[in-house]
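# Observations on chain architecture
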Amino acid sequence: WDNADFSRGVGTTFYQEFPTLNTAKPPFVRDVEAKVRRYLKSSYSAVWTLKITWEKAPAYAPRTDTRRTITYQAVLTTDGFKSYILMLYQQGGMQWDYTRLAATNVLIGYT
């Protein structure tokens, strides 16, 4: 793991909530449901979904180049019984220069 550093005015974070228990599902939620069904080979119907986006996020460390940023998303979704998370990265994956990060054992994902 490593941290994003937004303290220098580069990048932003935002989120969007999709409560869909008794409402029509927007295309984004239908796409998330399709991914869960495809990857897990199970039926799935979301009642709530949250999309968090880190846009042009620079890595944390004063010596890191703030011009080398990454945009990525975490999508949390649940049907009320099971919950899932999708980790989505921009084309080409994580773009931070891991040789310049404070941590030497870098992982992508969550624990």
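One numbering rule holds for all chains: residues counted from 1, following each sequence as written. Selection of residues for local features in this predicted model requires a pLDDT of at least 70, selection of side-chain atom pairs for listing and counting requires 80 or more, and totals for whole chains, interfaces and linings are taken over all residues. Just so you know, side-chain values use all the structure's heavy atoms and leave hydrogens and water out.

- Within an unreviewed UniProt entry, the label attached to the chain reads Mucin-4, and the organism entered is Opisthocomus hoazin.

### Describing the overall build of the chain
- In this text, helices come from DSSP runs of H or I with a minimum length of four residues, and strands from runs of E with a minimum of two, each type numbered from the N-terminal end. Along the backbone of the chain there are one helix and four strands.
- In sequence order, the chain lays out its α and β elements as β-α-β-β-β.
- Within the chain, the proportion of its 111 residues that are buried is 31%.
- In the chain, the share of contacts with a sequence separation of at least 24, taken over all contacts with a separation of at least 6, comes to 63%.
- Here the Shrake-Rupley method, with its probe set to 1.4 Å, supplies the accessible areas, and only the displayed protein chains count as covering residues. Counting every atom, the chain has about 7400 Å² of accessible surface; 55% of that belongs to carbon and sulfur. The buried label applies to any residue whose accessible area, calculated with a 1.4 Å probe on protein chains only, is under 20% of its type's maximum; exposed applies above 50%, and partly exposed to all values in between. Contact definition: two residues touch when any of their heavy atoms are within 4.5 Å.

### Observations regarding the pattern of salt bridges
- One side-chain nitrogen of Lys or Arg within 4 Å of one carboxyl oxygen of Asp or Glu is enough to make a salt bridge. The tally for this structure, following the rule as stated, stands at three salt bridges.
- A salt bridge links Lys35 to Asp31; the nearest nitrogen and oxygen atoms lie 2.8 Å apart. Residue Lys35 and its partner Asp31 are both found in helix α1 (residues 27-40); the two are separated by four residues, about one turn of the helix.
- With a relative accessible area of 18%, Lys35 lands in the buried category.

### With respect to the pairing of strand β2 (residues 48-58)
- By this definition, two strands are paired if DSSP reports at least two bridges between them. Bridging between strand β1 (residues 12-19) and β2 involves eight bridges; their strand directions are antiparallel. What sits directly across from Glu17, in β2, is Leu50.

### Topic: the sheet that holds β1
- Pairing is antiparallel in the open sheet, where four strands are placed in the order β1-β2-β3-β4. The sheet is open, and its two borders are formed by β1 and β4 (83-89), each paired with just one other strand. Strand-to-strand twist of the sheet, defined as the mean angle between neighbouring strand axes without regard to direction, takes the value 15°.
- Relative to β4, strand β3 (residues 69-78) runs antiparallel, the two being bridged by seven bridges. Paired with Ala74 across the bridge in β4 is Met87. To obtain an axis, a line is fitted to C-alpha atoms, over the contacting stretch when the element is a helix, and the angle between two such axes runs from 0 to 180 degrees between their N-to-C directions.

### Notes on unusual backbone geometry
- Here Lys41, not a glycine, exhibits a phi torsion of approximately 55°, which is positive.
- Tracing the chain through its elements places Lys41 in the loop between α1 and β2.
- What makes Lys41 exposed here is its relative accessible area of 72%.
- Here Lys56, not a glycine, exhibits a phi torsion of approximately 50°, which is positive.
- Counting through the fold element by element, Lys56 comes out in strand β2.
- The exposed category is assigned to Lys56, whose relative accessible area is 51%.

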